[in-house]
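Examination of the molecular architecture
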Amino acid sequence: MNNLQWIALGLLAALGGAGVTVFGKLGLEGVNSTLATTLRAVIMALVMLAVALGTGQLGALASGKVHLSGRAWLFITLAGLSGAGSWLAYFAALRVGPTAGVAALDRLSLAFIFLFSALALREPHTWRGWVGLLVLLAGVYLLASDR
């Protein structure tokens, strides 16, 4: 994948994330945050099932053409549990907090990823990455405290 592809996909992901936040906040009026998160997850699951069926990935898994190791299943499961917990907390925070502040705090996941990638995955980072981490932390603070 070339640089433009991952950048374009990353920007689409950011735009989708913004939609989740804004549409989610609007949809939470008079709705329990756990119910809203559950409904969102069901809708996402249906869309993902349709995509996986349409691209033949589920059929390949079912027929044994694609094999997932126990390690892959473990980490996919842990990612799913992490995502579910994150979204439950995110929608609960959106229900009671300011949209931009909640979204800013959620972006601290970038800081956690940066640190975990250095500590657990042993990925090297240059001084630019560390400075970027500090700028990110300052930006999150400024956005979250903007009241």
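Going by the annotation in an unreviewed UniProt entry, the name recorded for the protein chain is EamA domain-containing protein, with Deinococcus carri given as the source organism.

1. A few points about the packing of helix α5 (residues 99–106) against helix α7 (residues 127–144)
Each pair of packed helices can be described by the angle between their axes along with the distance between the axes. As a packed pair, α5 and α7 sit with axes 8 Å apart at the nearest point and diverge in direction by 160 degrees. Taken together, the axes of α5 and α7 are roughly antiparallel relative to one another. Two packed elements cross with a definite hand, and for α5 against α7 that hand is left-handed. Packed against α5, whose contacting residues are Gly 101, Ala 104 and Leu 105, the element α7 presents Val 140, Leu 143 and Ala 144 at the interface. Tallied by class, the residues present in the contact of α5 with α7 amount to five nonpolar, one polar and no charged.

2. Quick notes on the environment of Asn 2
Take Asn 2: it is sitting in the segment before α1 (3–27). Here Asn 2 falls in the partly exposed class, since its relative accessible area comes to 43%. Along the backbone, Asn 2 and Val 131 are 129 residues apart, and their C-alpha atoms lie at a distance of 26 Å.

3. A few points about a nonpolar patch on the surface
Together, Phe 112, Leu 115, Phe 116, Leu 119 and Trp 130 line one region of the surface with nonpolar side chains, adding up to about 530 Å² of accessible area. If you tally residues by element for the nonpolar patch, the top one is helix α6 (residues 108–119), at four residues. In this structure, Leu 115 sits in helix α6. Using a relative accessible area of 32% as the deciding quantity, one classes Leu 115 as partly exposed.

4. Looking at the nonpolar core
Leu 28, Ala 36, Tyr 90, Phe 91, Leu 94, Val 102 and Ala 103 form the largest nonpolar core, which has seven residues in total. Going through the elements one at a time, α4 (70–96) and α5 are the ones with two or more residues in this core. For this core, the element with the highest residue contribution is α4, accounting for three residues. If sequence neighbours within four positions are ignored, Leu 94 has contacts with Thr 21, Lys 25, Leu 28, Thr 99 and Val 102.

Calculation criteria
Residues numbered from 1 in each chain as written. Predicted model: local features only at pLDDT ≥ 70, side-chain atom pairs only at ≥ 80, totals over all residues. Heavy atoms only, no water. Axes fitted to C-alpha atoms, helices over the stretch in contact; angles between N-to-C directions. Helix = DSSP H or I, 4+ residues; strand = E, 2+ residues; numbered from the N terminus. Parallel < 35°, antiparallel > 145°, perpendicular 65-115°, else oblique. Left-handed = near helix turned anticlockwise from the far one by under 90°. Contact = heavy atoms within 4.5 Å. Nonpolar A, V, L, I, M, F, W, Y, C, P; charged D, E, K, R; others polar. Buried < 20%, exposed > 50% of the residue type's maximum accessible area, 1.4 Å probe, protein only. Patch = residues over 30% accessible without salt bridge, like charges linked within 9 Å, V, L, I, M, F, W, Y side chains within 5 Å. Areas by Shrake-Rupley, 256 points an atom, 1.4 Å probe, with all protein chains shown as cover. Salt bridge = Lys/Arg side-chain N within 4 Å of Asp/Glu carboxyl O. Core = buried A, V, L, I, M, F, W, Y, C linked by side-chain atoms within 4.5 Å.

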